[in-house]
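Read off the chains here:
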Amino acid sequence: MGTRCENCDRDDDDLVSVHRLYVVPEDWDTAGSVTKVDQAERWCFSCRSLYPHELAGRG
Ligand SMILES: [Zn+2]
């Protein structure tokens, strides 16, 4: 009941609301950029350590 990570769909008790960040690395012909997804998702610890994100629920 609501204990599934919305990124990897794994059962986990340690879920935190985050906004996913799409990070584009800087390259020789493009400036780097970071795009934040408005919709918050609940992620497990593993996803939070693997993928760029910003904590949700404040500001
Ligand atoms: Zn996950």
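Remember, predicted model here, so these are calculated numbers, not experimental data.

Criteria and thresholds
- Residues numbered from 1 in each chain as written.
- Predicted model: local features only at pLDDT ≥ 70, side-chain atom pairs only at ≥ 80, totals over all residues.
- Heavy atoms only, no water.
- Helix = DSSP H or I, 4+ residues; strand = E, 2+ residues; numbered from the N terminus.
- Rg over C-alpha atoms; globule rule 2.2 N^0.38 Å.
- Buried < 20%, exposed > 50% of the residue type's maximum accessible area, 1.4 Å probe, protein only.
- Contact = heavy atoms within 4.5 Å.
- Donors = N, O, S within 2.8 Å, 3.2 Å for Na, K, Ca; no water.
- Tetrahedral: all angles 85-135°; square planar, octahedral: opposite > 155°, others 65-115°.

Draft legend 1. Expanded view of the overall build of the protein chain. A count of helical and extended segments in the protein chain gives one helix and three strands. Mapped from its N terminus to its C terminus, the protein chain presents α and β elements in the order β-β-α-β. Here the protein chain has a C-alpha radius of gyration of 13 Å; the compact-globule value for 59 residues is 10 Å, and the former is much larger. On the principal axes, the C-alpha backbone points of the protein chain span a range of 45 × 25 × 15 Å. With 59 residues in all, the protein chain has 20% of them scored as buried. Across the protein chain, every contact between residues at least 6 apart in sequence was considered, and the portion connecting residues at least 24 apart equals 55%.

Draft legend 2. Structural view of the coordination of the zinc ion. The protein atoms that coordinate the zinc ion are Cys-5 (SG), Cys-8 (SG), Cys-44 (SG) and Cys-47 (SG), at distances spanning 2.3 Å. For the zinc ion, the four donor atoms are set out with angles of 105 to 115° between them, so the coordination reads as tetrahedral. Within one chain, the residues serving as donors to the zinc ion are arranged as C-x2-C-x35-C-x2-C. On the criterion of sequence distance, the pair formed by Cys-5 in the segment before β1 (16–24) and Cys-47 in helix α1 (residues 45–50) is long-range, its members being 42 residues apart. Looking at Cys-5, the relative accessible area reads 1%, which means it is buried.

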